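Below, each chain spelled out in residue letters.
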Amino acid sequence: MIRENIRDVLEQIERAKASSGRQEEKTELIVVSKTQPVDRIMEAYEAGIRDFGENKVQELTDKYEQMPKDIRWHMIGHLQRNKVKYLIGRTALIHSVDSFRLAQEIHRESLKAGLVTDILIEVNVSGEESKFGVPPEEAAALAEAAAALSHVRVRGLMTIAPYVSDPEKTREYFRLLKKLSVDIIQKNIDNVSMEILSMGMTNDYIVAVEEGSTHVRVGTGIFGMRSLDASFQ
Ligand SMILES: *Cc1c(COP(=O)(O)O)cnc(C)c1O
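Note that the structure is a prediction, hence the values are computed from the model and not measured.

When you go through the chain residue by residue, the secondary structure sums to 9 helices and 8 strands. In summary, the chain has a C-alpha radius of gyration of 17 Å against a globular reference of 17 Å for 233 residues, a match within 12%. By its C-alpha atoms, the chain is 45 × 40 × 35 Å across when sized along the principal axes. Looking at the chain residue by residue over its 233 residues, the buried ones come to 51%. Surface summary for the chain: the accessible area is close to 11,200 Å², and the carbon and sulfur share equals 48%. The average position of the 31 basic charges and that of the 36 acidic charges among the side chains of the chain differ by 3 Å.

Below you can see the structure in the form of structure tokens.
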């Protein structure tokens, strides 16, 4: 089941790239493994997946300890500053940086560990109050401020589109994030790259890829429905 779902999602990604003229560009599949037990995650690993997304620090670090060390763990959930220290050295990319104070903490802990940590700026493109992330108009300033910290590296932007039953309705939000990344590139800020656009989930990843996503985060589409109480953030 998991193996077939992975194959289907990868096929859909290729199809979306072809239909939007993005064949030459890379799109990575991050399999969102939150709430999934290690044996099910191992099925995805055995099918060739090395990028996994988690939204809780404790769960990520537990799985880091138990699972093969060539896995790249992505922190995709809201991150509290007091938990940053557990994450450094165990995560390939933190997708959810939404304040300078959080970036500073990641810098401080990375400096202590002698590492540089890759981060994305999370942007709330829809303005929904329930969502984390900076407003679009503050993203460039946060990217610039974070880029001045020697032990973090700003690699791009991340967003979560509103959940709507018709994924076509998410297109405008993905366009907005793409345009924002182009605007930030044009500012030519030292040490800021916009090579990563983390956007698209089970419901909307095809639209996101058509609009330029480089990293989609798919959970339900691989593992099936999570139990409701653990479903989101
Ligand atoms: C849970 C989660 C996902 C995956 O959602 P699915 O709808 O199960 O694909 C992606 N991104 C974030 C930030 C999440 O919290």
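Around the ligand, the neighbouring residues are Val32, Lys34, Ile76, Ile160, Met201, Thr202, Arg217, Val218, Gly219, Thr220 and Arg226. In this structure, a nitrogen atom belonging to the ligand sits 2.9 Å away from a side-chain N or O atom of Arg217. The protein chains hide 95% of the 390 Å² of surface that the ligand would expose on its own. Of the residues contributing to the shell around the ligand, the split by class is 5 nonpolar, 3 polar and 3 charged.

Following the criterion strictly, the structure yields 21 salt bridges and no others. Ionic pairing is found between Asp166 and Lys169, a salt bridge with its closest N-O pair at 3.9 Å. Two residues, Glu211 and Arg171, come together in a salt bridge whose shortest N-O distance is 2.7 Å. Residue Glu211 is found in the loop between helix H8 (205–210) and strand S8 (215–218), and its partner Arg171 is found in helix H7 (residues 171–186); the two are separated by 40 residues along the sequence. Judged by relative accessible area, which is 14%, Glu211 ranks as buried. Judged by relative accessible area, which is 15%, Arg171 ranks as buried. When salt bridges that share partners are traced, they join Glu168, Arg171, Arg175, Glu210 and Glu211 into one network.

Right, let's get into the packing of aromatic side chains. On inspection of all chains with the given rule, the structure shows 1 aromatic pair. Taking the centre distance of 5.8 Å and the plane angle of 40° together, the rings of Phe52 and Trp73 count as tilted. Taken together, the positions of Phe52 in strand S2 (residues 51–54) and Trp73 in strand S3 (residues 72–75) put the pair 21 residues apart, joining distant regions of the chain. Comparing Phe52 with Trp73 shows no difference in burial state: the two are buried. Sitting over the face of the ring of Tyr64, Lys69 holds its NZ or CZ atom 4.7 Å from the ring centroid.

To continue, consider the packing of helix H1 (residues 2–19) against helix H2 (residues 38–46). A packed helix pair is summarised by two numbers, namely the angle formed by the two axes and the spacing between the axes. It is at 9 Å that the axes of H1 and H2 come closest, and there the two elements cross at 50°. Classed by the angle they form, the pair H1 and H2 counts as oblique. At the point where H1 passes H2, the crossing takes the right-handed sense. Counting all contacts with H1, which are made through Ile2, Arg3 and Ile6, the residues of H2 involved are Arg40, Glu43, Ala44 and Glu46. Residues belonging to the contact of H1 with H2 are distributed by class as follows: 3 nonpolar, no polar and 4 charged.

Before going further, it helps to spend a moment on helix H5 (residues 100–113). Between its first and last C-alpha, H5 extends 20 Å over 14 residues, near the 20 Å set by a 1.5 Å rise per residue. For H5, the secondary structure elements touched by its buried residues are helix H4 (84–87), strand S4 (93–97), strand S5 (117–122), helix H6 (136–147) and strand S6 (152–158).

As for its position among the elements, Arg90 is in the loop between H4 and S4. When its relative accessible area of 28% is taken as the criterion, Arg90 is described as partly exposed. If near-sequence neighbours (up to four positions away) are discounted, Arg90 is found in contact with Leu60, Thr61, Tyr64, Glu65 and Trp73. Among the polar contacts made by the side chain of Arg90, one reaches the side chain of Glu65 at a distance of 3.5 Å.

Attention now moves to the pairing of S5. Side-chain positions along a regular strand alternate between the two faces of the sheet. For S5, the buried fraction is high: 6 of the 6 residues fall into the buried class. In S5, alternate side chains face the same way, and those of Thr117, Ile119 and Ile121 on one face and Asp118, Leu120 and Glu122 on the other are all buried. With respect to chirality, the unit in which S4 leads through H5 into the neighbouring parallel S5 is right-handed. Here S5 pairs with S6 via 6 bridges, running parallel. The partner of Ile119 across the bridge, within S6, is Val154. Crossover S5 to S6 through H6 is right-handed.

Conventions and cut-offs
Sequence order as written defines residue numbering, which begins from 1 separately in each chain. Totals for whole chains, interfaces and linings use all residues, but because this is a predicted model, local features are given only for residues with pLDDT of at least 70 and pairs of side-chain atoms are given and counted only at 80 or more. To obtain the side-chain values, all non-hydrogen atoms of the structure were used and water was disregarded. Each helix is a run of H or I in the DSSP string that is no shorter than four residues. Each strand is a run of E no shorter than two, and both are numbered from the N terminus. Our radius of gyration is a C-alpha quantity, and the globule rule it is checked against amounts to 2.2 Å times the number of residues to the power 0.38. The classification of residues rests on relative accessible area computed with a 1.4 Å probe and restricted to protein chains. Under 20% of the type maximum is buried, over 50% is exposed, and intermediate values are partly exposed. Computed with the Shrake-Rupley method and a 1.4 Å probe, the accessible areas treat only the protein chains shown as cover for residues. Only four residue types enter the tally: Lys and Arg on the positive side, Asp and Glu on the negative side; His and the chain ends are excluded. Where a charge sits is defined by one atom per residue type, namely NZ (Lys), CZ (Arg), CG (Asp) or CD (Glu). Near is defined per residue: the residue qualifies when any heavy atom it owns lies within 4 Å of the molecule or strand. We call two N or O atoms a polar contact when they sit within 3.5 Å, provided that within protein one can donate a hydrogen and the other can accept it, with sequence-adjacent residues counted only if both atoms are side-chain atoms. Gly counts as polar in this scheme, as do all residues outside two lists: the nonpolar Ala, Val, Leu, Ile, Met, Phe, Trp, Tyr, Cys and Pro, and the charged Asp, Glu, Lys and Arg. Salt bridges are defined as contacts in which a side-chain nitrogen from Lys or Arg sits within 4 Å of a carboxyl oxygen from Asp or Glu. Between rings of Phe, Tyr and Trp, where Trp is taken as its six-membered ring, a pair exists when centres lie within 6.5 Å; planes separated by under 30 degrees are stacked, by over 60 edge-to-face, and by other angles tilted. We count a charge as sitting over a ring when the NZ of a lysine or the CZ of an arginine lies within 6 Å of the ring centre and within 35 degrees of the ring normal. Axes here refer to lines fitted to C-alpha atoms; in helices the fit is confined to the stretch in contact. Angles between the N-to-C directions go from 0 to 180 degrees. Oblique is the label for every angle not falling under 35 degrees (roughly parallel), over 145 degrees (roughly antiparallel), or within 65 to 115 degrees (roughly perpendicular). In this scheme the crossing of two helices becomes right-handed for a clockwise turn of the near helix relative to the far one and left-handed for an anticlockwise turn of less than a right angle. Whether two residues are in contact is decided by their heavy atoms: any pair within 4.5 Å suffices. Given the number of residues in a helix, its expected span is that number minus one, multiplied by 1.5 Å. Whether a crossover is right-handed comes down to one check: with the strands pointing away from the viewer, does the path from the first strand over the helix to the second run clockwise; if it does, it is right-handed. Whether two strands pair depends on DSSP finding at least two bridges between them.

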